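Per-entry structural report
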Amino acid sequence: MRTTHWLMTATLGLLLTGCAGISTAPTTEGRQALVPTGKLRVGLQLGNPLNVIRDSASGEMKGLGFDLGKELARRIGVPFEPVLYPSVGALLDGGKSGAWDVAFVGFSPERAKEWDFSALHMEVEFGYLIPGGSSISTMADMNRPGIRVAVQEKSGPDSFFSRTLKNAVMIRASSNPGALEALKSGKADVMGSIKPVLFELSNQLPGSRVLDGRPGIDPHALAMPKGRDLGVAYARQFIEDAKSEGLVKAAIERAGLRGVIVAPLK
């Protein structure tokens, strides 16, 4: 495992080094729009491997959003400052108050009314975490009346499952760990989320498993506050470069994500 981790880290490092001659810094106006405080503040949901997870022993942080944000700051030529939140709802609220400059979140038409987005950088599978001994064994079972589905409130999964599961009862929690606790305590029958989160949390619920199949895809993109048009153009090009240069793929592998693919080039 140590060898694999070292190889992934080395690969990511080589990609970053190799990309150094390709990228160009933004214009003075674009830079001001991107980093009005002089540093790139990246909003990240802690505990979500699509954003950032922290090793409890070493304190090392890794995750797709963390890696991409760090590289974007390097290309702009400014310090990188992760701004951590316990949930996506708290993250979005922080953005409304100007606490971050960019974030990596699920895209939806509703969110596009409040934020400017790049093209997608990845597509993530939705899924279900089932406790051991559950009578639920297939996707079709999710249509049974009264099935209680634990979700993180104000999240992409909350919106998706509320829309698609007509007979289910949504049990909303303030965070993904809170949704897992609802499943552990018997307040919910399943937990609905994106598969990378479910695989990560399944280790905390012995005997549980992520249900085979996928009910849908959660598209993810870089978000920025409205009104920073000159910075948005640079950020959008960065995402296309990150996909074509293999940076997104390398970050996915470094974080050990499952149920995730790199989005097609725009």
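None of these values were measured; they are calculated from a predicted model.

Calculation rules
- The written sequence of each chain sets the order in which its residues are numbered from 1.
- Owing to the predicted nature of the model, reporting of local features is limited to residues with pLDDT of at least 70; listing and counting of side-chain atom pairs is limited to 80 or more, with chain, interface and lining totals taken over all residues.
- As a rule here, side-chain values cover all heavy atoms of the structure and leave hydrogens and water aside.
- A fitted line through C-alpha atoms serves as each axis, taken over the contacting stretch for helices, and the angle formed by two N-to-C directions is quoted from 0 to 180°.
- By the criteria applied, helices consist of DSSP H or I runs no shorter than four residues and strands consist of E runs no shorter than two, each listed in order from the N terminus.
- Relative orientations are named as follows: roughly parallel for angles under 35 degrees, roughly antiparallel for angles over 145 degrees, roughly perpendicular for angles from 65 to 115 degrees, and oblique for any other angle.
- Crossing handedness follows the turn of the near helix against the far one: under a right angle anticlockwise gives a left-handed crossing, and clockwise gives a right-handed one.
- By definition, residues are in contact when any of their heavy atoms lie within 4.5 Å.
- Two N or O atoms count as a polar contact when they lie within 3.5 Å, although within protein this holds only if one can serve as hydrogen donor and the other as acceptor, and sequence-adjacent residues are included solely when both atoms are side-chain atoms.
- Exposure categories follow from relative accessible area, calculated using a 1.4 Å probe and restricted to protein chains: below 20% of the type maximum is buried, above 50% is exposed, and the middle band is partly exposed.
- When residues are grouped by polarity, Ala, Val, Leu, Ile, Met, Phe, Trp, Tyr, Cys and Pro land in nonpolar, Asp, Glu, Lys and Arg in charged, and all others, Gly among them, in polar.
- As used here, the term nonpolar core means buried Ala, Val, Leu, Ile, Met, Phe, Trp, Tyr and Cys residues forming a set that is joined through side-chain atoms within 4.5 Å.
- The rule for a salt bridge is simple: a side-chain nitrogen of Lys or Arg has to be within 4 Å of a carboxyl oxygen of Asp or Glu.

Our focus in this paragraph is the packing of helix H3 (residues 64–76) against helix H10 (residues 247–254). Look at H3 against H10: their axes get within 8 Å of each other, and the N-to-C directions meet at 140°. As summarised for this structure, H3 and H10 are arranged oblique, according to the angle between their axes. You can see that H3 and H10 cross each other, and the crossing is right-handed. Contact residues: H3 offers Leu64, Asp67, Leu68 and Glu71, while H10 offers Leu247, Val248, Ala251, Ile252 and Arg254.

Let us now look at the environment of serine 208. Counting through the fold element by element, serine 208 comes out in the loop between helix H8 (195–202) and strand S10 (209–210). Separated by ten residues in the primary sequence, serine 208 and leucine 198 have C-alpha atoms spaced 10.0 Å apart. In this structure, serine 208 is in contact with Leu129, Ile130, Pro131, Gly132 and Ser202, ignoring residues within four places of it in sequence. Within the structure, the side chain of serine 208 is placed 2.6 Å from the backbone oxygen of leucine 205, a separation counted as a polar contact.

With a phi angle near 65°, lysine 154 is a residue other than glycine that sits in the positive phi range. Tracing the backbone through its elements, the reader meets lysine 154 in the loop between strand S7 (148–152) and helix H6 (156–164). Here lysine 154 falls in the exposed class, since its relative accessible area comes to 56%.

Two numbers describe how H3 lies on helix H9 (residues 229–244): the axes approach to 11 Å, and their chain directions differ by 120°. In terms of axis orientation, H3 runs oblique to H9. Crossing of H3 over H9 shows right-handed handedness. Along its contact with H3, which presents Leu68, Glu71, Leu72, Arg75 and Ile76, the element H9 presents Tyr234, Phe238, Asp241 and Ala242. Split by residue class, the contact of H3 with H9 holds six nonpolar, no polar and three charged.

In this structure, Leu40, Val149 and Met191 are the most contacted members of the largest nonpolar core, which totals 63 residues. Excluding its chain neighbours within four sequence positions, the residues that come into contact with valine 149 are Met142, Leu165, Ala168, Val169, Met170, Ile171, Val190 and Gly192. The next biggest cluster of nonpolar side chains, apart from the first, holds twelve residues, and it includes Val83, Leu92, Val105 and Trp115.

Applying the stated criterion across every chain, the model contains 17 salt bridges. Salt-bridge contacts for arginine 254 lead to aspartate 67; the nearest nitrogen and oxygen are separated by 3.0 Å. One end of the pair, arginine 254, is in helix H10; the other, aspartate 67, is in helix H3, and 187 residues separate them in sequence. Here arginine 254 falls in the buried class, since its relative accessible area comes to 10%. Put simply, arginine 172 and aspartate 158 hold a salt bridge, and the shortest N to O gap is 3.0 Å. Taken together, the positions of arginine 172 in strand S8 (residues 169–173) and aspartate 158 in helix H6 put the pair 14 residues apart, joining distant regions of the chain. Using a relative accessible area of 8% as the deciding quantity, one classes aspartate 158 as buried. Each of Glu71, Arg74, Arg75 and Glu245 takes part in one network of salt bridges that share partners.

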